[in-house]
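Chain residues, written in single-letter form:
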Amino acid sequence: MISASKTVILALGLGLGVLARPAAAQSVICDMSGYKPVDGLAATADANGLLVTWAADAGQTARLQIAVQNGAPLIQDLSLRAGDGAWTQVVSGATPDFAVVSGLRRMSMQQTAPLKDLKIPLTKEVIDRYRWDPFWDAPLDLREPDKMGGYAGSIPPKEGIPAAGQPGFPRSPSEIQRASVSYKISGCSVRTEGARIVVDYPGVELGVFSGLLRYTIFRGTNMIRQEVIGKTTKEWVAYKYDAGLKGLAIGDTSRVAWRDTANTWQEYKLRGAVNQSSVPLRAANRLVAAQQGGGSISAFPPPHRFFWSREVATNVGYNYYRKDSPTSYGIGIRQNEHEDYNFELFQANWSLYSARPGTEQLITVFLYPAIGKAEDAVDKSLAFTNGDRYRALPGYQVMNHHYHMDMAQRLQKEGSPDVKLQDFVAMKAMGLNIISPIDSVQVTLFNESGDPMPDANSAENVKKRQESNGKRLALHKMLVDGARQHSDDSFLILANEEVFRGPLGGHTDILFSKPTYWDERLPGQAAEEDIKGYGKVYHIGSADDLMTMVTKENAIISMPHPRSKGSTGFPDAVKDRAYFNHPNYIGFGARWGMGLDGSERRLCEYRCWPLLDDLSNWMADKDIPLKRVISISEVYGQSPGDDIYGSAPVTYVRLAKLPPPEDVSPLIEAIKTGYIFWTSGEVLVPNFELQGKGRQSKIVADVSWTFPLEFVEVVWGDGKTTGRQIVPATDLGAFGTHHFEIPFDARGKKWVRFAAWDAASNGAVVQPVRIPR
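Quick caveat: nothing in here was measured; it's all calculated off a predicted structure.

Draft legend 1. Summary view of empty space enclosed by the protein. Tallied over the entire structure, the rule returns seven cavities of 30 Å³ or more. Considering only enclosed or pocket space, the largest cavity measures out at about 90 Å³ in volume. Surrounding the largest cavity, Arg225, Glu227, Arg305, Leu362, Arg601, Glu710, Phe711, Asp758, Ala759, Ala760 and Ser761 form its lining. Breaking the lining of the largest cavity down by element, the ones donating at least two residues are β15 (224-231) and β41 (709-717). For the lining of the largest cavity, a count of residues per class yields four nonpolar, one polar and six charged.

Draft legend 2. Spotlight on the pattern of salt bridges. Applying the stated criterion across every chain, the model contains 50 salt bridges. A salt bridge links Asp340 to Arg282; its shortest N-O distance comes to 3.2 Å. Linking Asp340 in the loop between β23 (328-333) and β24 (353-355) with Arg282 in the loop between β19 (279-281) and β20 (288-292), this pair joins segments that are 58 residues apart in sequence. For Asp340, a relative accessible area of 5% corresponds to the buried category. Where Asp423 meets Arg410, a salt bridge forms, and the shortest distance between an N and an O atom there is 2.6 Å. Within this pair, whereas Asp423 is found in helix α6 (residues 422-429), its partner Arg410 is found in helix α5 (residues 407-414), the two being separated by 13 residues in sequence. Overall, the relative accessible area of 23% leaves Arg410 in the partly exposed class.

Draft legend 3. Here's a closer look at the side chain of Asn447. For Asn447, the location among the structural elements is in the loop between β27 (434-442) and α7 (459-485). A residue is classified by how much of its surface remains accessible, and Asn447, at 11% relative accessible area, is buried. Polar side-chain contacts of Asn447 include one of 2.7 Å to the side chain of Ser449. With sequence-adjacent residues up to four places away left out, Asn447 is seen in contact with Asp117, Met453, Arg501 and Gly502.

Draft legend 4. Just the environment of Thr516, in detail. Residue placement: Thr516 occurs in the loop between β30 (508-511) and β31 (517-520). Aside from chain neighbours lying at most four places away, what touches Thr516 is His476, Tyr538, Met549 and Glu553. For Thr516, the side chain forms a polar contact with the main-chain oxygen of Lys514, separated by 2.9 Å.

Draft legend 5. View of the confidence of the model for the chain. Per-residue pLDDT for the chain has a mean of 94; in total, 96% of the residues score no lower than 70. The model gives residues 1-18 a pLDDT under 50, and that stretch makes 39 contacts with residues more than four places away or in other chains.

Draft legend 6. Representation of the sheet that holds strand β6 (residues 60-69) in the model. Strand order in this open sheet of five strands is β4-β5-β6-β7-β8, and the pairing throughout is antiparallel. Looking at which strands have only one partner, the edges of the open sheet turn out to be β4 (41-46) and β8 (88-91). Direction aside, neighbouring strands of the sheet carry axes that sit 20° apart on average. Here strand β5 (residues 49-55) pairs with β6 via six bridges, running antiparallel. Its bridge partner lying in β6, Thr53 is registered against Arg63.

Draft legend 7. Geometry of the environment of Asp146. Relative to the elements of secondary structure, Asp146 occurs in the loop between α3 (124-130) and β10 (177-180). Owing to a relative accessible area of 65%, Asp146 belongs among the exposed residues under this scheme. Taking C-alpha positions, Asp146 is 23 Å from Ser309, a pair spaced 163 residues apart along the chain.

Draft legend 8. Examining the packing of α5 against α7 more closely. The geometry of α5 relative to α7 is characterised by a closest axis approach of 8 Å and an angle of 90° between their N-to-C directions. Comparing the axis directions of α5 and α7 gives the class roughly perpendicular. For the pair α5 and α7, the contacting residues are Met407, Ala408, Gln409, Leu411 and Gln412 in the first and Ala474, Leu475, Met478, Leu479, Gly482 and Ala483 in the second. For the contact of α5 with α7, the class distribution of residues is eight nonpolar, three polar and no charged.

Draft legend 9. Molecular detail of α6. All buried positions along α6 are accounted for by Asp423, Phe424, Ala426 and Met427. Down the axis of α6, the sector holding all buried residues measures 165°, keeping them to one side. Those residues of α6 hidden inside the fold are in contact with β26 (396-403), α5, β27, β28 (492-493) and α10 (644-647). Looking one or two residues past α6, Gly431 carries a phi angle of roughly 100°, positive in sign.

Draft legend 10. Summary view of the packing of aromatic side chains. One pass over the full model with this rule turns up 35 aromatic pairs. Each ring, one from Tyr390 and one from Tyr645, has its centre 5.2 Å from the other, and the planes form 35°; the classification is tilted. Taken as a pair, Tyr390 in the loop between α4 (374-382) and β26 and Tyr645 in helix α10 lie far apart in primary sequence, 255 residues in all. Overall, Tyr390 belongs to the buried group, its relative accessible area being 4%. When its relative accessible area of 2% is taken as the criterion, Tyr645 is described as buried. Three or more aromatic residues joined by ring pairs make a cluster, and in this case those are Phe209, Tyr239, Tyr241, Phe306, Phe307, Trp308, Tyr318, Trp350 and Tyr353. In this arrangement the basic side chain of Arg356 is found over the ring face of Tyr606, its NZ or CZ atom lying 3.8 Å from the centre. Here the basic side chain of Lys627 rests over the ring of Phe580, its NZ or CZ set 4.7 Å away from the ring centre.

The rules behind these values
- Residues numbered from 1 in each chain as written.
- Predicted model: local features only at pLDDT ≥ 70, side-chain atom pairs only at ≥ 80, totals over all residues.
- Heavy atoms only, no water.
- 1 Å grid on protein atoms, 1.4 Å probe; cavity = no way out; pocket = protein on both sides within 12 Å on 5 of 7 lines; lining within 4 Å.
- Points joined across faces, edges and corners; volume = space filled by probe spheres on them.
- Helix = DSSP H or I, 4+ residues; strand = E, 2+ residues; numbered from the N terminus.
- Nonpolar A, V, L, I, M, F, W, Y, C, P; charged D, E, K, R; others polar.
- Salt bridge = Lys/Arg side-chain N within 4 Å of Asp/Glu carboxyl O.
- Buried < 20%, exposed > 50% of the residue type's maximum accessible area, 1.4 Å probe, protein only.
- Polar contact = N/O pair within 3.5 Å; in protein donor to acceptor, adjacent residues only side chain to side chain.
- Contact = heavy atoms within 4.5 Å.
- pLDDT = per-residue confidence, 0-100.
- Pairing = 2+ DSSP bridges.
- Axes fitted to C-alpha atoms, helices over the stretch in contact; angles between N-to-C directions.
- Parallel < 35°, antiparallel > 145°, perpendicular 65-115°, else oblique.
- Arc of directions from axis to C-beta.
- Phe/Tyr/Trp six-rings, centres within 6.5 Å; stacked < 30°, edge-to-face > 60°.
- Lys NZ or Arg CZ within 6 Å of the ring centre and 35° of its normal.

This is the structure we're talking about:
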């Protein structure tokens, strides 16, 4: 038995009592050279293990005692106390638990099709650039291609891509590896990072990954980050993981609790049979908690980085419990190996995480110990996502775009625009007050690159366009009528469209200022025509026709999912074309997941933000506005109970009030030229400004957050290259606000932007601005 050292007691101003060390604990030397005592944080180590104590939630102190037993880490004690009261033990004798299933990443035909139309040879270099970023890939699906649902033209090619070393179909069982964590811990290191303590235990094997176990303790909150930091040397790894705790003792008061998707509390008291495998829980908010006596602990994932992109946001069971023996059990977070079987059409869309060789994969679970019942741990954990709601910000509206709701088709099927779709109910409940459904429009005149089809004006194709034009106009009118019927002064629905195979290349989102009708132009047809029931109708047969309509109607254009899906190769291929440099072509829509690497400390780190910086450099010397980024969803129909919050970002738009649906020009102008920022929801940047000139410049930003902030960054470019300054924010705890003033030498730079990221890879990105010359 040992007592906490005087260093610990003085650092916290609190006595810690006496803790027992198990006789079986191994002698593991902890490197404490990176540790510095900080007020409210303390760590001591000896041959028996490590003790970390910290000032936790308001009025509470927490302690975590870890030993190494038979080469494996053991949580001997995790306890809390309020004020000077008695310690409440939450966990004793538990082990961190991880499992991984990995497969082989493949590039999809949805990606190769636009590259072929652009006449880009599918060389190994080209494939290697885009192979990490598929939407239609399911590395664990062993079925034949003709049994993979309704998108056979989008999945990876059956014959493979031999020139790039990508194998064909069906997938081989030998590609798939399942593994549980294996520990051979022989040491540890402890370091102080601002207002947190980081503890590393090297000697972890997890399937294709080798690395270390890491615990991060954050001053000011009970929350603990438990993760394996692993690397692989294998090429083209795609994977999913489960993580949590095992070895939790079963006693008379033990129970597991969670809310179901109807928001009703459920519990299991562990009195049933031993489980052969984990029991998936379709728990609301991705949260499950275990309770023993007067303490409880929850487990939850990073709320957004945990999710690759899908066509639906249905909860497939992101938590689990598992009764391992009559005396012990585990809880944690999990991902399925397949899409919900109710969506057979989308089974081939289950892409998993990517793991580029040599990158540090963040296999993360958050733990939240609490005094009280399991329900208390769940509710306190839920504060980190604001209850899965987007916070209201005075002077701002909260918007998201690109919902594949098939809104017009569904209302048309119902026979009335007055039918309230469940999607509206679910999204309004999250704090969204502007939603932008997009009806998908596939044009027959053009190929994926925007070039005219050779047979576009054949008699057969002209007849098809004549038949589809009337249907399209009727559908769009239903979309307009439905948007008007379900909008009010607190909730606005927009009537927008996504164009496939349009004249601009890639995919094209059109956001309208007011109801606007168009169809495909027929041979000899005028560019505009008044049609009864619709008014002015534009007939679009070229990029010039489309841009004329956009200009006259004050619409804006955004490219969804660039460098992925049907926009692979774009906007790079059109960056010098006149329409792309039009001020109404504002930029692109971004969400993570169409190529989600598990190493990302910024959501969409590999695909989205390098593109935003490329765009800024492309536009730097042109007399046009810099391009912008807005949030998109990509999800089809959504219902209450779906994990909508975890699946998409939002855009905060500085706009005093909502415009009427008949004319949303104030909103369009705000998106086009006003102050907006992209965010996952946990981090907000309500104010940003570049002040001063030259070497006396500075970046000024107000930031608020829930999860402890990790860093903020200033990114700039000179028209050719990009630079960045990362400002660590680890001294800032959970649930804070801060006014940043960052010195910035603007000399030789042409644009700059600001972003803030937290401990769960959540963040907010401000639009780039020009630097005055």
